[in-house]
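# Residue-level structural notes
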Amino acid sequence: MDTFTESTADIARNLARIRDEISSAEKAAGRAEGSVRLCAVSKFHGADKVLAALSCGQMLFGENRVQEARDKFESVRMTLTREDPSANLPELHIIGHLQTNKVKKAVEISRCIQSVDSVELLREIEKRCGQLEKSIDVFLELRTGEDSKSGYAESASLIESARSIAEGLCPHVTLRGLMTMAPLTDDTDLIRNSFRTLRRLKDEINSLFPDLPLTELSMGMSADFKIAVEEGSTMVRVGSAIFGGRGTAASPGEVSVNA
């Protein structure tokens, strides 16, 4: 991977800093070291940046746009397996708003869809997984910030989707966690309340459906992940603090969130 040496140096420093900050936040909150996973959000950055992060030991990545993710991670796969057919491949999560007409591709390329925000989307994921004879992990997304344009608008609807999974109506779907994006604000009380809302909802669902393997809270991004760790996050989604500013421009009409 000599081609990516310069990029690797920058990304290595950024990853080391973010990992240290996560570790410090875990310690300050009295949590076990390693209790929070880092999801590197590689949207708008090329396959070279993903390969650079992989060379630094980062294996979990988040992408917003399905077509971009498919092309990028196919390039990554080809590069890795050309050098080593048995190479470990990265774990890809879809974290952006997902339209139902993109579900088939999303299911094909990802390990997890974090941005399930309606019962219709959940049903489409189940349908496509059934056709592909594939199981997939999902997170249900709750809208806790007025700036967010995706997510269940109310907890009751999200709980009903969790119920449908718990009752076996989606046999190809495993509910692993909940996800949210805090308000885009400098008011730490609002941010903290957003994360606490999601944590309380997780506790409620665990009480209602104890057999669900619901253990994850995906909350916290580049600007607020330290607060998220304090409030119980098990996965933070960090993009710009690792990869820098936007790389490849977005296609017209596509909006990026969740990093």
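Here goes a summary of the coordinates provided. (Residues numbered from 1 in each chain as written. Predicted model: local features only at pLDDT ≥ 70, side-chain atom pairs only at ≥ 80, totals over all residues. Heavy atoms only, no water.)

Along its length, the protein chain carries nine helices and eight strands. Against the globule reference of 18 Å for 259 residues, the protein chain gives a C-alpha radius of gyration of 18 Å, in line with a compact fold. For the C-alpha atoms alone, the extent of the protein chain along its principal axes is close to 50 × 45 × 35 Å. Within the protein chain, the fraction of its 259 residues that count as buried is 49%. Taking the contacts inside the protein chain whose residues are at least 6 apart along the sequence as the reference set, 63% of them involve residues at least 24 apart. Accessible surface for the protein chain amounts to roughly 12,100 Å². Of this, 46% is attributable to carbon and sulfur atoms. Across the protein chain, the 33 positively charged side chains and the 39 negatively charged ones have centroids separated by 2 Å. (Helix = DSSP H or I, 4+ residues; strand = E, 2+ residues; numbered from the N terminus. Rg over C-alpha atoms; globule rule 2.2 N^0.38 Å. Buried < 20%, exposed > 50% of the residue type's maximum accessible area, 1.4 Å probe, protein only. Contact = heavy atoms within 4.5 Å. Areas by Shrake-Rupley, 256 points an atom, 1.4 Å probe, with all protein chains shown as cover. Lys, Arg positive; Asp, Glu negative; His and termini not counted. Charge placed at Lys NZ, Arg CZ, Asp CG, Glu CD.)

With 66 residues, the main nonpolar core has Ile113, Ile125, Leu178, Ile205 and Ile242 as its most contacted residues. Residue contacts for Ile113: discarding those within four places in its chain leaves Ile94, Leu98, Ala106, Val107, Ile125, Ile136, Asp137, Val138 and Phe139. Judged by nonpolar contacts, the second largest core, of six residues, contains Cys39, Leu60, Phe139 and Met179. (Core = buried A, V, L, I, M, F, W, Y, C linked by side-chain atoms within 4.5 Å.)

The end-to-end C-alpha separation of helix α6 (residues 155–166) is 16 Å, in line with the 16 Å expected for twelve residues at 1.5 Å each. Every buried residue of α6 is listed here: Leu158, Ile159, Ser161, Ala162, Ser164 and Ile165. As for α6, its buried residues are in contact with α5 (119–132), β5 (136–141), β6 (173–179) and α7 (188–208). Of the residues one or two after α6, Gly168 is the one with positive phi, at around 85°. (Expected span 1.5 Å × (residues − 1).)

The next point concerns unusual backbone geometry. A positive phi angle is found at Phe44, which is not glycine, with a value near 65°. Secondary-structure assignment places Phe44 in the loop between β1 (37–41) and α2 (47–55). What makes Phe44 buried here is its relative accessible area of 4%. One non-glycine residue, Glu133, lies in the positive phi region at around 55°.

Running from amino to carboxyl end, α6 crosses α7 at an angle of 40°, the nearest separation of the two axes being 11 Å. Crossing angle aside, the handedness with which α6 passes α7 is right-handed. Every residue of α7 that contacts α6 at Ser155, Leu158, Ile159 and Ala162 is listed here: Leu201, Glu204, Ile205 and Leu208. When the residues that make up the contact of α6 with α7 are grouped by side-chain class, the tally is six nonpolar, one polar and one charged. (Axes fitted to C-alpha atoms, helices over the stretch in contact; angles between N-to-C directions. Left-handed = near helix turned anticlockwise from the far one by under 90°. Nonpolar A, V, L, I, M, F, W, Y, C, P; charged D, E, K, R; others polar.)

The final tally for this structure, using the stated rule, is 16 salt bridges. With a shortest N-O distance of 3.0 Å, Glu68 and Arg65 are connected by a salt bridge. In terms of burial, Glu68 and Arg65 fall into one category: buried. Two residues, Arg128 and Glu124, come together in a salt bridge whose shortest N-O distance is 3.0 Å. Of this pair, Arg128 and Glu124 both sit in helix α5, four residues apart, which is roughly one turn of the helix. Bridged by salt links that share partners, the residues Arg192, Arg196, Arg199, Glu230 and Glu231 form one connected network. (Salt bridge = Lys/Arg side-chain N within 4 Å of Asp/Glu carboxyl O.)

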